[in-house]
Amino acid sequence: MGLMPTFSKEQFKGFLLAYSSHADFKFSKEEKDLIVKCVPDNSERILKTYDEFDEQERIILIVEGVIDHLKTEKDVQEFNMALQDQFMADGKYCRFEKSFFEYFNALARVNMQ
């Protein structure tokens, strides 16, 4: 396992969007465009991190990001809106994306307890 990057809240959101974009095993141009829009100055770094990390490292980054950046219900709602926009970028909201959305929300809620 490599060194874990430290992400700002917006960078973490970009990484989460990259991860969620791959939930359906496809990564569309529209999904990439939304990530670039979310973190224009860091999108290449974030996408490179996603590509270079294995699944365990990605999950660790997500858990750490939730702990560091999702402190309030408002934070969770902000990220949920971004995830829903990301899921609809390719015009389909599949069961894999729904499962990830449920996992993310469960993780966020546990973190806020």
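Computed from a predicted model, the values in this text were never measured in an experiment.

Turning to the overall build of the chain, a few remarks are in order. Check the secondary structure of the chain and you find six helices and zero strands. Each helix and strand of the chain, ordered N terminal to C terminal, gives the series α-α-α-α-α-α. Against the compact-globule benchmark of 13 Å for 113 residues, the chain has a radius of gyration of 13 Å, which places it among compact chains. On the principal axes, the C-alpha backbone points of the chain span a range of 35 × 30 × 25 Å. The buried share of the chain, taken over its 113 residues, is 45%. When contacts within the chain are restricted to residue pairs at least 6 apart in sequence, those whose partners lie at least 24 apart make up 78%. Accessible area for the chain stands at about 6,500 Å²; split by element, carbon and sulfur atoms hold 55% of it. Here the chain contributes 15 positively and 21 negatively charged side chains, and the mean placements of these two sets differ by 3 Å.

Let us now look at the pattern of salt bridges. Counted under the stated rule, the structure contains eight salt bridges. Two residues, lysine 29 and aspartate 33, come together in a salt bridge whose shortest N-O distance is 2.8 Å. Of the two residues, lysine 29 and aspartate 33 are both situated in helix H2 (residues 29-38); the distance of four residues between them amounts to about one turn of the helix. Each of the salt bridges in this network shares a partner with another, and the network as a whole consists of Lys9, Glu10, Lys13, Asp75 and Glu78.

The set of residues buried in H2 consists of Glu31, Ile35 and Cys38. Angular distribution of buried residues about the axis of H2 spans 60°; they occupy a single face of the element. In H2, the exposed residues that point more than 90 degrees away from the buried face are Lys29 and Lys37. If you follow the buried residues of H2, they end up packed against helix H1 (9-21), helix H3 (43-52), helix H5 (73-88) and helix H6 (95-112).

Attention shifts here to the side chain of arginine 58. You can see arginine 58 is positioned in helix H4 (residues 55-69). Judged by its relative accessible area of 13%, arginine 58 falls in the buried class. Within polar-contact distance, the side chain of arginine 58 engages the side chain of glutamate 55 at 3.2 Å. Beyond its immediate stretch of four places on either side in the chain, arginine 58 contacts Phe15, Tyr19, Tyr50, Asp51 and Phe53.

Our focus in this paragraph is the packing of H1 against H3. One way to put it is that H1 packs onto H3 with a least axis distance of 9 Å and a crossing angle of 45°. Taken together, the axes of H1 and H3 are oblique relative to one another. The handedness of the crossing between H1 and H3 comes out as right-handed. Within the contact between the two elements, H1 uses Gln11, Gly14, Phe15, Ala18 and Tyr19 and H3 uses Arg45, Ile46, Leu47, Thr49 and Tyr50. Here the residues of the contact of H1 with H3 are counted per class, giving six nonpolar, three polar and one charged.

Scoring rules and cut-offs
Residues numbered from 1 in each chain as written. Predicted model: local features only at pLDDT ≥ 70, side-chain atom pairs only at ≥ 80, totals over all residues. Heavy atoms only, no water. Helix = DSSP H or I, 4+ residues; strand = E, 2+ residues; numbered from the N terminus. Rg over C-alpha atoms; globule rule 2.2 N^0.38 Å. Buried < 20%, exposed > 50% of the residue type's maximum accessible area, 1.4 Å probe, protein only. Contact = heavy atoms within 4.5 Å. Areas by Shrake-Rupley, 256 points an atom, 1.4 Å probe, with all protein chains shown as cover. Lys, Arg positive; Asp, Glu negative; His and termini not counted. Charge placed at Lys NZ, Arg CZ, Asp CG, Glu CD. Salt bridge = Lys/Arg side-chain N within 4 Å of Asp/Glu carboxyl O. Arc of directions from axis to C-beta. Polar contact = N/O pair within 3.5 Å; in protein donor to acceptor, adjacent residues only side chain to side chain. Axes fitted to C-alpha atoms, helices over the stretch in contact; angles between N-to-C directions. Parallel < 35°, antiparallel > 145°, perpendicular 65-115°, else oblique. Left-handed = near helix turned anticlockwise from the far one by under 90°. Nonpolar A, V, L, I, M, F, W, Y, C, P; charged D, E, K, R; others polar.

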